[in-house]
Amino acid sequence: MLSRVADAVYWLNRYIERAENIARFVDVNLNMLLDLPTSLSSQWDPLVLTTGDLPFFQEHYGTATAENVIQFLTFDTSYPNSIISCLRAARENATSIREVISSEMWQQVNAFYTMVREAAKAPDQVETASFLAQVKQASHLFAGVMDSTMSHNEAWHFGQMGRLLERADKTSRILDVKYYLLLPSVEDVGTPIDELGWIALLKSASAYEMYRKRGSHRITPAGVAEFLILDAEFPRAIRFCLLQVEKSLYKITGTPLGSWHQPVERQLGRLRSQLDYLTIDEIIGQGMHEFLDHLQQQMNEVDTQIFQTFFTLEPVKAR
């Protein structure tokens, strides 16, 4: 298939997933603040830090208040990773491949973008929790529509890679936020305040019920981290996402599983196999933040290799 088409399907799904995960980022903080004492309610700086765009935020907003951070992450059209910017980019990609995606997918992208655009016209009238829930629901609807109305061919697999690589990255970031940055103080470790934070994190990843049903009755940092990083069955866990990305990659390349011909296959295979044999004790031993930071770098490298393998155009050499 054309590299232009593959690139557009890949990024269409990445942007839809990114919008959903930004909503989850804000949602986890809102849920935590509902249960924290008033004196501990100013914890919006970490959300800006994890975007990697702190200089941009400080230049345009200054102080990280709840109102500023929510506006920045949801309705700021000048910030390329806000929810509205992601949806605008997703719609542009969908427009460029109307002949490839189903009409139902196109309609859902349009409906999603319109919903966010209308909310952005009067942000002061938006009930934040309800809006974030709508964003997550609209993203789920798009994924469901794509799965049920688009042939599961090469284009679909490129979309899967985009969605799940984005999801794995954002799961690592939201876990990193809680593990190192959102805890009020060292003295609160193991207290009800700490446990409420971990419960909020699980709920933000729609993981609370599945964590409990797995038989994990106690909410512990190690237990939550293990579930969100190493579980091979929960669809928002990092290991699950990378397993599915690898399956789609090999469907596209036709390379037999267990071997590799392209650098991207080797890069992804090494990362996925690393998670297959890690334990949570080993992760905590090397430092959770350090592990997650390195993991994000590795996933960024996979994205770079995907781009170089499938989306770049080799220059025509003069004879």
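Since this is a predicted model, take the numbers as computed values, not measurements.

Colleague: Before we move on, can you summarise the environment of Arg91 with the specific residues and values?
Modeller: Residue position: Arg91 is located in helix α5 (residues 83-96). In this structure Arg91 comes out as partly exposed when scored by relative accessible area, which is 31%. In this structure the side chain of Arg91 is engaged in a polar contact, spanning 2.6 Å, whose partner is the side chain of Asn110.

Colleague: Which residues make up the nonpolar core, and what values go with them?
Modeller: In this structure, Leu12, Val116 and Ile229 are the most contacted members of the largest nonpolar core, which totals 103 residues. It is helix α1 (residues 3-35) that provides the largest number of residues to this core, a total of 17 residues. Looking at this core, you find at least three residues from each of domain 1 (1-150) and domain 2 (152-312). Discounting residues that sit within four places of it in the chain, Val116 has contacts with Phe75, Ile83, Ile84, Leu87, Phe131 and Val135.

Colleague: Lay out the pattern of salt bridges in plain terms, naming residues and giving numbers.
Modeller: Under the counting rule described, the total for this entry stands at 17 salt bridges. Two residues, Arg4 and Glu99, come together in a salt bridge whose shortest N-O distance is 3.5 Å. In this pair, Arg4 is assigned in helix α1 and Glu99 in the loop between α5 and α6 (103-121), connecting sequence segments 95 residues apart. The class of Arg4 is partly exposed, set by a relative accessible area of 42%. Arg24 is the partner of Glu20 in a salt bridge, and the nearest nitrogen-oxygen pair spans 2.9 Å. Residue Glu20 and its partner Arg24 are located together in helix α1, separated by four residues, close to a single helical turn.

Colleague: An account of empty space enclosed by the protein is requested, with residue identities and associated values reported.
Modeller: Evaluation of the coordinates by the stated rule reveals two cavities of 30 Å³ or more. If you go around the largest cavity, the residues you meet are Asn21, Arg24, Lys170, Thr171, Ile174, Ser204, Ala205 and Arg236. Listing elements by their share of the lining of the largest cavity, those giving two or more residues are α1 and α8 (154-181). Among the elements that make up the lining of the largest cavity, the one with the highest residue count is α8 (three residues). Looking at side-chain class alone, the lining of the largest cavity contains two nonpolar, three polar and three charged residues. Space inside the second largest cavity adds up to approximately 30 Å³. Breaking the lining of the second largest cavity down by element, the ones donating at least two residues are α8 and α15 (288-311).

Colleague: Describe the layout of surface pockets, listing the residues and the values that go with them.
Modeller: Taken as a whole, the largest pocket encloses approximately 310 Å³ of empty space. As for the largest pocket, its lining consists of 17 residues, of which Arg18, Asn81, Asp169, Lys170 and Arg173 are closest to the centre. Elements supplying a minimum of two residues to the lining of the largest pocket: α1, α2 (45-51), α8 and α15. When residues of the lining of the largest pocket are assigned to their parent elements, the largest contribution, five residues, is made by α1.

Conventions and cut-offs
- Residues numbered from 1 in each chain as written.
- Predicted model: local features only at pLDDT ≥ 70, side-chain atom pairs only at ≥ 80, totals over all residues.
- Heavy atoms only, no water.
- Helix = DSSP H or I, 4+ residues; strand = E, 2+ residues; numbered from the N terminus.
- Buried < 20%, exposed > 50% of the residue type's maximum accessible area, 1.4 Å probe, protein only.
- Polar contact = N/O pair within 3.5 Å; in protein donor to acceptor, adjacent residues only side chain to side chain.
- Core = buried A, V, L, I, M, F, W, Y, C linked by side-chain atoms within 4.5 Å.
- Domains from an automatic or database assignment.
- Contact = heavy atoms within 4.5 Å.
- Salt bridge = Lys/Arg side-chain N within 4 Å of Asp/Glu carboxyl O.
- 1 Å grid on protein atoms, 1.4 Å probe; cavity = no way out; pocket = protein on both sides within 12 Å on 5 of 7 lines; lining within 4 Å.
- Points joined across faces, edges and corners; volume = space filled by probe spheres on them.
- Nonpolar A, V, L, I, M, F, W, Y, C, P; charged D, E, K, R; others polar.

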